[in-house]
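Working through the structure, step by step
Take a look at the letters that make up each chain.
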Amino acid sequence: DAGVIQSPRHEVTEMGQEVTLRCKPISGHNSLFWYRQTMMRGLELLIYFNNNVPIDDSGMPEDRFSAKMPNASFSTLKIQPSEPRDSAVYFCASSWGRGQGSEQYFGPGTRLTVT
Amino acid sequence: AQSVTQPDIHITVSEGASLELRCNYSYGATPYLFWYVQSPGQGLQLLLKYFSGDTLVQGIKGFEAEFKRSQSSFNLRKPSVHWSDAAEYFCAGRIQGAQKLVFGQGTRLTINP
């Protein structure tokens, strides 16, 4: 079974450019999470979806960040315009349900560098 | 506010020695608790989880963790570490029935040969 797939694995862009990160969750999972990892702030939840609907976006830093989940097998996280302080590793995770059996499976991450 | 704290930022142990990584939580009720491991350049892999019942839980790679309600702790242990255990370890918690995970700051484990 394929795990959570993220693309690209590495992205280098210049300040002001638009960046789009992509995620394919594990088939059958109904929840999807976007995290950001930095040295200063650790792992932060940005937003999560349940059945393709955004449930909690309180972690999205500002209006430059947006996320969509048009269907159960695909999600994007977009930064427009990008800034150097957005440099981080962005993880996508997916899970099924919310009970005891529910655990999040993480993708390999996208390392974003904004110069 | 809900929080998970890992008091140790960096720990160094010798190969073959025992290991204990500390995790404390602050929740209104007993949360679901997890330990994840992150190898360099990789995503997070679940080591083990606690939901209820037996307070000593076994995980993958020879790890175990003990839930202690009186100390609000969920410490990770391994009797004998291997060089391949060098990684960053994250403790996380979530409210029962909710989906939002709160992570600790992580503990970086270095193994001396």
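One structure accompanies this document, and this report is about it. (Residues numbered from 1 in each chain as written. Chains lettered and ligands numbered in written order. Predicted model: local features only at pLDDT ≥ 70, side-chain atom pairs only at ≥ 80, totals over all residues. Heavy atoms only, no water.)

Quick look at the side chain of B:Thr30
All names here are of chain B. Tracing the sequence through the fold places Thr30 in the loop between β4 (24-26) and β5 (32-38). For Thr30, a relative accessible area of 18% corresponds to the buried category. One polar contact links Thr30 to Arg69, side chain to side chain, over a distance of 2.5 Å. (Helix = DSSP H or I, 4+ residues; strand = E, 2+ residues; numbered from the N terminus. Buried < 20%, exposed > 50% of the residue type's maximum accessible area, 1.4 Å probe, protein only. Polar contact = N/O pair within 3.5 Å; in protein donor to acceptor, adjacent residues only side chain to side chain.)

Some words on the interface of chain B and chain A
Listed by partner, the interface residues are 21 residues for chain B and 27 residues for chain A. Between chain B and chain A the total buried area reaches about 1800 Å² when both faces are included, carbon and sulfur atoms providing 46% of it. Taken together, the links from chain B to chain A amount to two salt bridges. Here chain B is connected to chain A by six residue pairs in polar contact (both at pLDDT 80 or more). Listing elements by their share of the side of chain B that touches chain A, those giving two or more residues are β5, β6 (44-50) and β10 (87-94) of chain B. Considering every element that reaches the side of chain B that touches chain A, the biggest residue donor is β5(B), with four residues. The residue makeup of the side of chain B that touches chain A, split by class, is ten nonpolar, eight polar and three charged. (Contact = heavy atoms within 4.5 Å. Buried area = accessible area lost by both parts, 1.4 Å probe. Salt bridge = Lys/Arg side-chain N within 4 Å of Asp/Glu carboxyl O. Nonpolar A, V, L, I, M, F, W, Y, C, P; charged D, E, K, R; others polar.)

Quick look at the nonpolar core
Within the largest apolar cluster, 27 residues are counted, with the highest numbers of intra-cluster contacts made by B:Leu19, B:Trp35, B:Leu47, B:Leu48, B:Phe74, B:Leu76 and B:Tyr89. Membership of the second largest hydrophobic core comes to 21 residues, among which are A:Cys23, A:Met69, A:Leu77 and A:Leu112. (Core = buried A, V, L, I, M, F, W, Y, C linked by side-chain atoms within 4.5 Å.)

A few points about the pairing of strand β9 (residues 88-95) of chain A
Residues and elements named next belong to chain A. With eight of eight residues buried, β9 lies mostly within the body of the structure. Alternating residues of β9 divide into Ala88, Tyr90, Cys92 and Ser94 and Val89, Phe91, Ala93 and Ser95, and every residue in both groups is buried. Bridge count for strand β4 (residues 31-38) against β9 is seven bridges, and the pairing is antiparallel. Looking at the pairing, Trp34 lines up with Cys92 of β9. With three bridges connecting them, β9 and strand β11 (residues 110-114) associate as antiparallel partners. Bridging across to β11, Tyr90 finds its partner in Thr110. Sheet analysis places β9 next to strand β10 (residues 105-106), joined by two bridges and oriented antiparallel. Along β10, the bridge assignment pairs Ala93 with Phe106. (Pairing = 2+ DSSP bridges.)

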